[in-house]
Amino acid sequence: MTIAIGEVIAVVGIEVTLRAFESSNLETHFYKGHRYKGVSIREFIAIEHGFRDIVCIVEGEYLDERNIEYEGVQQRYIRKLKVRPIGYFEAEKFKDGIKFLPKISDSARLLSEAEISRIFERQESKNFAIGTLLKEGIEISLPWQRIFNTHFGIFGNTGSGKSNTLTKLFTVLFDNMFDKISKKSKFIFLDFNGEYTADQLANANRKKVIRLSTRASSGDKFHLPDSEFWDAETLGILFQATANTQRPFLRRLITGRAKFISLSDSLSRYIVSSFQKVLCSKEPKPEALELLKALARDLGVDESLLGALNKVGFKKGNDSFHFIDGDGSWKYLSSNTVFYTETFENAAKQIDATGIGGFQELQIRSDLQIIRDVLYGSVQYEHIHPLLRRIDAMKDDFAKVVSVSSEPIDSETITVISLRDCKQDVKKILPLLIAKHFYEKHKANVSSPPDSTMHVVIDEAHNILSQQSVRESESWKDYRLELFEEIIKEGRKFGMFITLASQRPADISPTIISQLHNFFIHRLVNDRDLALLENTISTLDSVSRSQIPNLPQGACVITGTTFDIPMLVQVDRLPDNKKPDSRDVDLEELWS
């Protein structure tokens with residue numbers, strides 16, 4: 001015998017109406033030592049249909065004023081419940097989906113806490129509890145096997161608890177599974193605000209923290225292989241190169257470097273050769289001469305060489321640059337090789353370019369490449385000039401946070417990359433480089449089907465995935481989004497998964513949001529955010545959706561392809577030393 005609370009009186013489509021018994025409105029029932037929750041909105045009940053129990057969720061209740069019962073002289077309206085089937089129990093296992101519908105007069109009963117737990121929990125998901133069901137207060141274990149092999153998003157307004165949920169999910173995973181996953185998976189956390197650099201997620205001996213800072217050159221750096229740095233796509237990301245003119249320029253630069261890099265002191269030879277090409281040309285280009293002078297100043301060459309360059313001139317109609325000697329005589333450089341060698345070549349050979357690499361080498365080679373292109377008339381300088389200015393302006397900042405190395409670099413199981421102390425421009429660009437680096441590396445090494453996984457976690461994802469930014473060109477914005485869209489669309493087949501956390505999901509590219517499989521939704525109140533969720537998440541029912549703007553702190557709606565039905569979970573608070581560094585300021589304590 002169970003606690004009956006009503007009977008079916010109407011079935012219209014998948015909407016079922018129950019006539020509720022008088023005792024059904026009690027808050028709590030006790031039967032044979034077990035506690036049962038009473039009937040209210042979003043509670044679960046079972047309708048006995050033959051040998052099966054059809055599980056339904058209560059979506060509404062009302063008094064039917066057209067149907068009145070009399071008990072003596074007392075008038076009583078009939079209480080009715082609107083319920084919707086979500087699945088059924090078969091052999092004590094819950095199966096989701098509407099396969100059976102009740103019939104009129106079928107009896108409805110309450111579900112025990114054990115039965116409610118079986119609705120949400122799967123047998124294989126034990127020991128992964130992050131909180132309790134909000135209404136029922138029952139601890140629930142999530143199916144971690146089917147969460148971490150998907151892309152998922154954690155969304156909520158500031159202060160709603162999304163950072164705690166993100167940290168709790170991965171803390172429980174690492175506490176329970178670290179030894180098993182350490183040799184098979186890598187986890188990269190892009191931390192914009194420095195929230196996970198202390199004891200969060202895992203102990204210090206289990207994770208590597210890279211604190212990037214553009215404020216000082218002596219801090220941590222993200223190591224990039226030499227072969228990956230000298231790549232047109234990588235440099236295009238760093239310096240926002242346009243596709244049609246500036247990227248071909250970078251490709252010519254990289255191709256030229258690769259052709260002669262095996263020669264000893266190839267950069268010094270390139271500098272000497274460029275002096276000769278410009279000054280001894282029989283088709284002199286004054287623009288190339290001015291660029292050469294600027295390069296000489298940047299290289300810090302000897303004052304005598306700078307002075308000699310300033311004495312070089314050009315007269316229209318001549319086929320050579322000329323040098324005005326101290327006595328006023330002209331020496332034509334294209335024909336007077338002895339004078340060129342004594343005055344310029346020997347001094348140019350004294351320029352020491354050994355040991356120069358990374359961003360400094362890039363700037364020098366860029367200046368040399370534009371000199372060659374102008375000399376040969378293969379490029380319009382005004383198209384390349386913005387790229388050269390960006391390289392000059394940003395190279396020092398990038399050199400503080402990125403190091404270029406030919407040594408093999410391996411990452412730890414857990415790597416937290418903090419961007420808290422980086423300039424805003426660097427925060428926009430560097431995550432793309434980091435994501436591309438790990439995506440390409442994992443894609444190149446993984447087998448099919450994948451024998452290892454890569455998990456990239458992006459907190460405050462709206463910083464780099466926003467469509468609303470007006471600080472960058474449309475072409476660069478499109479490229480930035482396309483890179484992440486490729487990772488989220490194609491990464492799954494290579495075992496690469498993305499986790500996003502954001503307070504403004506509507507700002508993120510709809511393509512990226514549409515590719516997420518599971519969602520942890522905290523309180524959201526913005527109409528655009530709510531409309532996006534309604535249009536994107538097919539598994540989110542109307543009752544759960546209506547509760548999102550009013551969720552208490554720490555509570556979230558969990559839904560997606562992994563979960564049979566949406567569930568409201570109150571995520572447990574982490575201990576103080578494990579909480580992300582995003583807690584509210586206690587003004588009472590601060591001002592006391």
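My aim in this report is to walk through the structure given alongside it, one point at a time. (Residues numbered from 1 in each chain as written. Predicted model: local features only at pLDDT ≥ 70, side-chain atom pairs only at ≥ 80, totals over all residues. Heavy atoms only, no water.)

### Re unusual backbone geometry
We apply this condition: The secondary structure listing takes helices from DSSP runs of H or I that are at least 4 residues long and strands from runs of E that are at least 2 residues long, numbered from the N terminus.
For Gln240, which is not glycine, the phi dihedral falls at a positive 50°. In this fold, Gln240 is placed in the loop between helix H4 (232-239) and helix H5 (246-260). In this structure, Asp265 is a non-glycine residue whose phi angle is positive, near 55°. By secondary structure assignment, the location of Asp265 is in the loop between H5 and helix H6 (266-279).

### So, the packing of aromatic side chains
Condition: For Phe, Tyr and Trp, where Trp contributes only its six-membered ring, two rings pair if their centres lie within 6.5 Å, and the inter-plane angle classes them as stacked under 30 degrees, edge-to-face over 60, or tilted in between. For the exposure calls, accessible area comes from a 1.4 Å probe over protein chains only, and a residue counts as buried if that area is under 20% of its type's maximum, exposed if over 50%, partly exposed in between.
Taken as a whole and judged by the stated rule, the model has 24 aromatic pairs. Between the aromatic rings of Tyr88 and Phe100, the centroid separation amounts to 5.1 Å while the plane-to-plane angle is 85°, which identifies the pairing as edge-to-face. Of this pair, Tyr88 sits in strand E7 (residues 74-90) while Phe100 is found in the loop between strand E8 (93-96) and strand E9 (107-110), placing the two residues twelve residues apart along the sequence. A single burial state applies to Tyr88 and to Phe100, both of which are buried. A ring pair is formed by Phe174 and Phe187, whose centres lie 5.0 Å apart and whose planes are at 85°; its orientation type is edge-to-face. One end of the pair, Phe174, is in helix H2 (residues 162-181); the other, Phe187, is in strand E13 (residues 185-191), with 13 residues separating them in the sequence. Under the relative-accessibility criterion, Phe174 is labelled buried at 0%. Each member of the aromatic cluster is reached from another via a ring pair, and the members are Phe128, Phe148, Phe152, Phe170, Phe174, Phe187, Phe189 and Phe520.

### With respect to the side chain of Ser320
The condition that has to hold: Whenever a nitrogen or oxygen atom comes within 3.5 Å of another N or O atom, the pair is scored as a polar contact, on the condition that within protein one atom can donate a hydrogen and the other can accept it, and that pairs from neighbouring residues in sequence are kept only if both atoms are in side chains. What makes two residues a contact is simply this: any of their non-hydrogen atoms within 4.5 Å.
Turning to its location among the elements, Ser320 is positioned in the loop between strand E16 (312-313) and strand E17 (322-324). On the basis of relative accessible area, Ser320 is assigned to the buried category, the value being 1%. In this structure the side chain of Ser320 is engaged in a polar contact, spanning 3.4 Å, whose partner is the backbone nitrogen of Leu333. Side-chain polar atoms of Ser320 contact the side chain of Ser334, separated by 3.0 Å. In contact with Ser320, other than residues within four places in its own chain, are Ser281, Pro284, Phe314, Tyr332, Leu333 and Ser334.

### Quick notes on the nonpolar core
Nonpolar side chains in soluble globular proteins tend to end up buried together. Threshold: Among buried residues, those of type Ala, Val, Leu, Ile, Met, Phe, Trp, Tyr and Cys that are joined through side-chain atoms within 4.5 Å constitute a nonpolar core.
Formed by 108 residues in total, the largest nonpolar core has its most connected members in Phe239, Phe275, Leu279 and Phe344. The greatest single-element share of this core, amounting to nine residues, is contributed by helix H12 (residues 424-445). Not counting chain neighbours up to four residues away, the residues in contact with Phe239 comprise Phe359, Leu362, Leu387, Arg390, Ile391, Met394, Lys395 and Phe398. Ile57, Ile130, Ile138 and Ile565 belong to the second largest nonpolar core, which has 48 residues in total.

### Considering the pairing of strand E3 (residues 28-31)
Here is the rule: What makes two strands pair is DSSP finding at least two bridges between them.
Of the two faces of E3, the one lined by His29 and Tyr31 is fully buried and the one lined by Thr28 and Phe30 carries no buried residue. Alignment of E3 against strand E4 (residues 34-37), held across four bridges, turns out to be antiparallel. Bridge assignment links His29 to a residue of E4, and that residue is Tyr36. Linking two consecutive strands that pair antiparallel, namely E3 and E4, is a turn of two residues; a positive phi of about 55° is found at Lys32 within it.

### Focus on the packing of helix H7 (residues 286-299) against helix H10 (residues 358-376)
Counted only if it meets this: Axes, fitted as lines to C-alpha atoms, cover a helix only where it is in contact. Angles between the N-to-C directions of the axes lie from 0 to 180 degrees. For classification purposes, an angle smaller than 35 degrees is called roughly parallel, one larger than 145 roughly antiparallel, one from 65 to 115 roughly perpendicular, and anything else oblique. Throughout, a crossing is termed right-handed when the near helix is turned clockwise from the far one, and left-handed when it is turned anticlockwise from it by less than a right angle. Classes in brief: Ala, Val, Leu, Ile, Met, Phe, Trp, Tyr, Cys and Pro nonpolar; Asp, Glu, Lys and Arg charged; the others, Gly included, polar.
Running from N to C, H7 and H10 point in directions that differ by 165°, and their axes come no closer than 9 Å. In terms of orientation, H7 lies roughly antiparallel with respect to H10. Relative to H10, the crossing made by H7 is left-handed. Across the interface between the two elements, Glu287, Ala288, Leu291, Leu292, Leu295, Asp298 and Leu299 of H7 pack against Ile364, Asp367, Leu368, Ile370, Ile371, Val374 and Leu375 of H10. When its residues are assigned to classes, the contact of H7 with H10 shows eleven nonpolar, no polar and three charged.

### Looking at the pattern of salt bridges
Pairs can form between side chains of opposite charge once their charged atoms are near each other. Operational definition: By convention in these notes, a salt bridge is any Lys or Arg side-chain nitrogen within 4 Å of a carboxyl oxygen on Asp or Glu.
For the structure on display, the rule yields 23 salt bridges. Across the pair Glu290 and Lys293 runs a salt bridge, and its minimum N-O distance is 3.6 Å. A residue pair is termed a helical-turn pair when its members lie 3 or 4 positions apart in one helix, as Glu290 and Lys293 do in helix H7 at three residues. In this structure, Arg365 engages Glu361 in a salt bridge whose closest nitrogen and oxygen atoms are separated by 2.8 Å. Of the two residues, Arg365 and Glu361 are both situated in helix H10; the distance of four residues between them amounts to about one turn of the helix.

### With respect to H2
Going by this rule: Take the number of residues in a helix, subtract one, and multiply by 1.5 Å to get its expected span. To get the bend at a given residue, fit one axis to the seven residues ending there, fit another to the seven starting there, and take the angle between those axes.
In this model H2 runs just 25 Å from its N-terminal to its C-terminal C-alpha over 20 residues, more than 12% under the 28 Å that 1.5 Å per residue would give. Along H2, the sharpest change in direction is near 55° and occurs at Asp175. Burial runs high along H2: 16 of the 20 residues are buried.

### Notes on the packing of H10 against helix H11 (residues 381-401)
It is the contact of H10 with H11, at a shortest axis distance of 9 Å, that shows an interaxial angle of 170°. With respect to H11, the element H10 is oriented roughly antiparallel. Along the contact surface, H10 presents Phe359, Leu362, Gln363, Ser366, Ile370 and Val374, while H11 presents Tyr381, Ile384, Leu388, Ile391, Asp392, Lys395, Phe398 and Ala399. Its residues placed into classes, the contact of H10 with H11 shows ten nonpolar, two polar and two charged.

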